[in-house]
Amino acid sequence: QVQLVESGGGLVQAGGSLRLSCAASGSIFSANTMGWYRQAPGKQRELVAAITTGSATNYAGSVKGRFTISRDNAKNTVYLQMNSLKLEDTAVYYCNAPFDSRGRLVKFSWGQGTQVTVSS
């Protein structure tokens with residue numbers, strides 16, 4: 001069973017930056033597309049960035065140009081560099097392996113997530 005541990009969240013002012021990390025246990029990490037999701041209060045969890053096994057990336061329109069997803073298969077870790085943060089980026093951020101590009105179904109149990117709070 002793969003376990004996912006997210007870290008790196010915190011409180012940051014609008015316009016600032018954070019780098020999130022997600023460490024995955026298990027040797028199948030490198031065989032999966034990985035994604036970063038977020039869930040704001042009262043909203044559904046949404047896929048904001050994904051990276052394939054070949055490191056091709058895709059982003060939600062709301063974060064394109066500001067967020068960068070990357071992966072280090074040797075460390076079983078996926079990262080999310082978040083720049084030019086906005087108030088609306090406030091959410092709990094999770095990583096997981098989506099079954100498809102819509103990301104509605106995922107392969108692993110959810111981790112605890114990491115809280116990102118953007119203040120004005």
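Above this note sits the structure.
Rules used in this analysis
- Residues numbered from 1 in each chain as written.
- Predicted model: local features only at pLDDT ≥ 70, side-chain atom pairs only at ≥ 80, totals over all residues.
- Heavy atoms only, no water.
- Core = buried A, V, L, I, M, F, W, Y, C linked by side-chain atoms within 4.5 Å.
- Buried < 20%, exposed > 50% of the residue type's maximum accessible area, 1.4 Å probe, protein only.
- Helix = DSSP H or I, 4+ residues; strand = E, 2+ residues; numbered from the N terminus.
- Contact = heavy atoms within 4.5 Å.
- Pairing = 2+ DSSP bridges.
- Axes fitted to C-alpha atoms, helices over the stretch in contact; angles between N-to-C directions.
- Disulfide = S-S within 2.5 Å.
- Salt bridge = Lys/Arg side-chain N within 4 Å of Asp/Glu carboxyl O.

Student: Now, about the nonpolar core: what can you tell me, with residues and values included?
Tutor: In this structure, Leu 4, Trp 36, Ile 69, Val 78, Leu 80, Met 82 and Tyr 93 are the most contacted members of the largest nonpolar core, which totals 29 residues. When contributions to this core are tallied by element, the ones reaching two or more residues are strand 3 (18-24), strand 4 (34-39), strand 5 (46-51), strand 7 (67-72), strand 8 (77-82), strand 9 (91-96) and strand 10 (114-119). With four residues, the top contributor of residues to this core is strand 3. Setting aside residues no more than four positions away along its own chain, Ile 69 makes contact with Met 34, Gly 35, Trp 36, Ala 49, Ala 50, Ile 51, Thr 57, Tyr 59, Val 78, Tyr 79 and Leu 80.

Student: Tell me about the sheet that holds strand 7, and please be specific about residues and values.
Tutor: Read from one edge of the open sheet, four strands run 1-3-8-7, paired in antiparallel fashion. Looking at which strands have only one partner, the edges of the open sheet turn out to be strand 1 (4-7) and strand 7. Sheet twist, expressed as the mean angle between neighbouring strand axes with direction ignored, is 15 degrees. Of the strand pairs in this sheet, strand 3 and strand 8 are connected by six bridges, and their pairing is antiparallel. Considered in strand 8, the bridge of Leu 20 is made with Leu 80.

Student: Tell me about the state of the cysteines, residues and numbers included.
Tutor: Within the structure shown, the criterion is met by one disulfide. Across the disulfide, Cys 22 is cross-linked to Cys 95 (sulfur-sulfur distance 1.7 Å). Linking Cys 22 in strand 3 with Cys 95 in strand 9, this pair joins segments that are 73 residues apart in sequence. A single burial state applies to Cys 22 and to Cys 95, both of which are buried.

Student: Describe in detail the pattern of salt bridges, supporting the description with residues and values.
Tutor: One pass over the structure, following the stated rule, counts four salt bridges. One salt bridge in this structure joins Arg 38 and Glu 46, with 2.8 Å as the shortest N-O distance. Its relative accessible area of 6% is what places Arg 38 among the buried residues. Where Asp 89 meets Arg 38, a salt bridge forms, and the shortest distance between an N and an O atom there is 2.9 Å. Of this pair, Asp 89 sits in the loop between strand 8 and strand 9 while Arg 38 sits in strand 4, and the two are 51 residues apart along the sequence. The burial state of Asp 89 is the same as that of Arg 38; both residues are buried. Each of Arg 38, Glu 46, Arg 66 and Asp 89 takes part in one network of salt bridges that share partners.

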